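Structure assessment
Residues per chain, in single letters:
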Amino acid sequence: MRLVLVGPPGAGKGTQAKRIATHYGIPNISTGDIFRSNVAEMTELGELAKNFMDEGELVPDDVTIAMVRDRLGRDDTEPGFLLDGFPRTVPQAEALNEILDSYDVALDSVLKLQVDDEEVVHRLSGRRICRSCGHTFHIEFDPPTREGVCDLCGSELYQRDDDRPETIRRRLDVYHEQTRPLVEYYKARDLLRIVIGTGAVDEVKARAIEALEQPVA
Ligand code: AP5
């Protein structure tokens, strides 16, 4: 299974990516997570990426593509992978094709999680993440038992810098301008499957797996 997960910020990509990747026994590769761990470790890549992420802008294509090329070169991707948050522009999609061609493999499906802008703002403004284990909560939809404390490991919960209201709005604009064209791109290649991203997390997962098991309509 070689999968791509696309959708607006806050559509639930990270939430579903973990579950879908576990279901198929493949690694979950999130470009956002890789950038954030580089920011936390204060690497050169992290310092560069932080400036773009904090403004809600995309990290330049050449930097992102080089990072993904390197990650897809590791042995654990041989049985497949799920890419969460990449590609996000048509040039990134073209680069992914080239990378996969060089391994003589191809994508199986592109899953789009559909959630409207109003729901996105609500989800992102209430998101809280564990500083230690990375588990994601929502103050209303999936609240921790003790405010500000992770149920799984007891560490502190934090709010992402790019989940401030003005940055959320910019991220949504960037999605509509730069990432939405990918929907047509993958539709034209008969790879696109659209799943409604609202409802309980387990319901969305079941819909996603069902969509992936069906031939493309
Ligand atoms: P990235 O980390 O990829 O962020 P994103 O696409 O904006 O998506 P999010 O992580 O914010 O949301 P999500 O869809 O994963 O939702 P989640 O599951 O957390 O990228 C961050 C930045 O990195 C970018 O802005 C850019 O700068 C850079 N970057 C990354 N990739 C790049 C690339 N390819 N090229 C260039 N730059 C790149 O859910 C959100 C909330 O909703 C949570 O609180 C969750 O609990 C809740 N929730 C989830 N599902 C449900 C549900 N069914 N019902 C109710 N609540 C739910």
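In the block above lies the structure referred to throughout.
Residues numbered from 1 in each chain as written. Predicted model: local features only at pLDDT ≥ 70, side-chain atom pairs only at ≥ 80, totals over all residues. Heavy atoms only, no water.

Before going further, it helps to spend a moment on the overall build of the chain. The number of helices and strands found in the chain is 9 helices and 8 strands. Dimensions of the chain along its principal axes, counting C-alpha atoms only, are 50 × 40 × 35 Å. Per-residue burial over the chain gives 45% buried out of 217 residues. Here the chain has roughly 11300 Å² of accessible surface; of this, 48% comes from carbon and sulfur atoms. A distance of 3 Å separates the average location of the 27 positive side-chain charges in the chain from that of its 40 negative side-chain charges. (Helix = DSSP H or I, 4+ residues; strand = E, 2+ residues; numbered from the N terminus. Buried < 20%, exposed > 50% of the residue type's maximum accessible area, 1.4 Å probe, protein only. Areas by Shrake-Rupley, 256 points an atom, 1.4 Å probe, with all protein chains shown as cover. Lys, Arg positive; Asp, Glu negative; His and termini not counted. Charge placed at Lys NZ, Arg CZ, Asp CG, Glu CD.)

Here we take up the pattern of salt bridges. Scanning the model with the defined rule gives 14 salt bridges in all. Close ionic contact of Lys50 with Asp161 constitutes a salt bridge, the shortest N to O distance being 3.8 Å. Here Lys50 is found in helix H3 (residues 44-55), whereas its partner Asp161 is found in the loop between strand S7 (157-158) and helix H7 (165-179), with 111 residues between them in sequence. In this structure, Glu156 engages Arg131 in a salt bridge whose closest nitrogen and oxygen atoms are separated by 3.1 Å. Remark: Arg131 occurs in the loop between strand S5 (127-130) and strand S6 (136-138) and Glu156 occurs in the loop between S6 and S7; sequence separation between them is 25 residues. When its relative accessible area of 53% is taken as the criterion, Arg131 is described as exposed. Connected via shared salt-bridge partners are Arg127, Arg160, Asp162, Asp163 and Arg171. (Salt bridge = Lys/Arg side-chain N within 4 Å of Asp/Glu carboxyl O.)

Note on aromatic pairs: each is described by the distance of the centres and the angle between the planes. Evaluation of the coordinates by the stated rule reveals 1 aromatic pair. Taking the centre distance of 5.0 Å and the plane angle of 90° together, the rings of Tyr185 and Tyr186 count as edge-to-face. A relative accessible area of 8% means that Tyr185 is categorised as buried. For Tyr186, a relative accessible area of 1% corresponds to the buried category. Cation over ring: Arg189 sits above Tyr185, and NZ or CZ is 3.7 Å from the ring centre. (Phe/Tyr/Trp six-rings, centres within 6.5 Å; stacked < 30°, edge-to-face > 60°. Lys NZ or Arg CZ within 6 Å of the ring centre and 35° of its normal.)

All we've got here are geometric facts, nothing functional implied.
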